[in-house]
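Examination of the molecular architecture
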Amino acid sequence: MKIKIILIISLVLLGVLVIYWQSKDSSKLVFCDVGQGDAMLIREGNWEMLLDVGGDDGKVMRCLERHVPFWDKTIELVIISHWDKDHCGGLIKLSRYYKINDLLANRLPGGEYEQYSYSKVLNVGDVVQVGKVRFDVISSSIENVNDGGEENDSSLVGILYYRDNKILMMGDAGAEVEQKLVWRGMLKQIQHDGGIDILKVSHHGSGTSTSDDLINMVRPKIAVVSVGRNSYGHPSMEVINRLENFGVEVKRTDKSGDVMVN
Ligand SMILES: [Zn+2]
């Protein structure tokens, strides 16, 4: 008898949980609070993608627990902007608890991430189109690193189209990459179409990126700074002021936690 009652209560609780998760907004875009690092989640029903997965402390897992039903253990697509620990470090924990269907990145990883070398490399001009998400790559590893640039400059930079939002994902790209994008007219079409909705500010708000030229060209409504406690002085107040001088609303994961976009 006792066992029966416990069974019934468990089933009711499970039912309540399922209803709760299904009634929760099932399509969302979240800039996860992963401390010092980047991770952005898109969920469309039971389809999920991550653009970067935060550091090896696995904070990205907490973000998934907050926004993805506990029974959904497949991430359909992961894109790694570049292989710095604060962007890719979460991959090992993630792959222990979730099945990753596709992994795309700026280059093959090497080192401890070599086991993920089945990943596909994205280059400038590539377009990733899956369901309601489209990601147009406008800067990638090959030219910038062959030019002798640093790892940060090898970041995939792209325009992400999701629902009504146009989002410029800058990875950790530095000033030189930004200048190339501005002066070579890679962002001209965006400017012509009235700018972007959201700027994922480069390199955690570092003073070496997010120039007046770039802001002026893409005119974001919102800028998201993905940042946590760090010893580098990120974000630079100069960058925050620069954005605010252009009337851009700045949102920071260290102040607001997960930043959600409708
Ligand atoms: Zn970084």
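Residues numbered from 1 in each chain as written. Predicted model: local features only at pLDDT ≥ 70, side-chain atom pairs only at ≥ 80, totals over all residues.

As annotated in an unreviewed UniProt entry, the chain carries the name Internalization-related competence protein ComEC/Rec2 protein and comes from Candidatus Shapirobacteria bacterium GW2011_GWE2_38_30.

**A closer look at the overall build of the chain**
For the chain, the helix and strand inventory stands at 10 helices and 14 strands. The globule rule puts the C-alpha radius of gyration for 262 residues at 18 Å, and the 19 Å found for the chain is close to it. The C-alpha extent of the chain, read off along each of the three principal axes, is 75 × 40 × 35 Å. Out of the 262 residues belonging to the chain, those deemed buried represent 42%. Taking all contacts inside the chain whose residues are at least 6 apart in sequence as the whole, residues at least 24 apart take part in 63%. (Helix = DSSP H or I, 4+ residues; strand = E, 2+ residues; numbered from the N terminus. Rg over C-alpha atoms; globule rule 2.2 N^0.38 Å. Buried ≥ 20, exposed ≤ 12 C-beta atoms within 10 Å, placed from the backbone. Contact = placed C-beta atoms within 7 Å.)

**Thoughts on the nonpolar core**
Within the largest apolar cluster, 62 residues are counted, with the highest numbers of intra-cluster contacts made by C32, A39, L50 and V60. Ranked by the residues each element gives to this core, the list is headed by strand 4 (residues 74-80), at five residues. Those residues within four positions of V60 in sequence are excluded, and the remaining contacts are C32, V34, A39, L50, V53, G54, G90 and L94. (Core = buried A, V, L, I, M, F, W, Y, C linked by C-beta atoms within 7 Å.)

**Focus: unusual backbone geometry**
Of note, the bond from H234 into P235 is cis; its omega dihedral lies within 30 degrees of zero at -5°. Topologically, P235 is positioned in the loop between strand 12 (222-225) and helix 9 (237-245). The phi dihedral of R163 falls on the positive side, at around 50°, and the residue is not glycine. Structurally, the position occupied by R163 is in the loop between strand 9 (157-162) and strand 10 (165-169).

**So, the sheet that holds strand 2 (residues 39-44)**
Strand order across the open sheet formed by seven strands is 6-5-4-3-2-1-14, with mixed pairing between neighbours. Each end of this open sheet is capped by a strand with a single partner; those strands are strand 6 (120-121) and strand 14 (259-261). In this structure, strand 2 lies alongside strand 3 (residues 47-53), joined through six bridges in antiparallel fashion. Considered in strand 3, the bridge of L41 is made with L50. On the sheet, helix 2 (residues 59-67) packs against strand 1 (27-31), strand 2 and strand 3 and is oriented at approximately 25° with respect to strand 2. (Pairing = 2+ DSSP bridges. Axes fitted to C-alpha atoms, helices over the stretch in contact; angles between N-to-C directions.)

**Description of the sheet that holds strand 8 (residues 133-139)**
Taken together, seven strands build an open sheet; the order of strands is 7-8-9-10-11-12-13 and the sheet is mixed. This sheet does not close on itself; its edge strands, each paired only once, are strand 7 (127-130) and strand 13 (249-252). Neighbour to neighbour, the strand axes of the sheet diverge by 20° on average, direction disregarded. Taken together, the five bridges between strand 9 and strand 10 define a ladder with antiparallel strand orientation. Paired with Y162 across the two strands is N165, which belongs to strand 10.

**Some thoughts on the environment of K132**
Structurally, the position occupied by K132 is in the loop between strand 7 and strand 8. Residue classification places K132 among the exposed residues on the basis of 12 C-beta atoms within 10 Å. Those residues in contact with K132, other than ones at most four positions away along the chain, are E44, Y162 and R163.

**Structural notes on the pairing of strand 4**
In terms of residue burial, strand 4 counts as a mostly covered element, since five of its seven residues are buried. In this structure, strand 3 lies alongside strand 4, joined through three bridges in parallel fashion. Bridged to L50 within strand 4 is V78. For the segment spanning strand 3, helix 2 and strand 4, crossover handedness is right-handed. Inspection of the sheet shows strand 4 paired to strand 5 (residues 99-105) by six bridges, in the parallel sense. Looking at strand 5, one finds that I79 is bridged to L104. (Right-handed = clockwise from strand over helix to strand, strands pointing away.)

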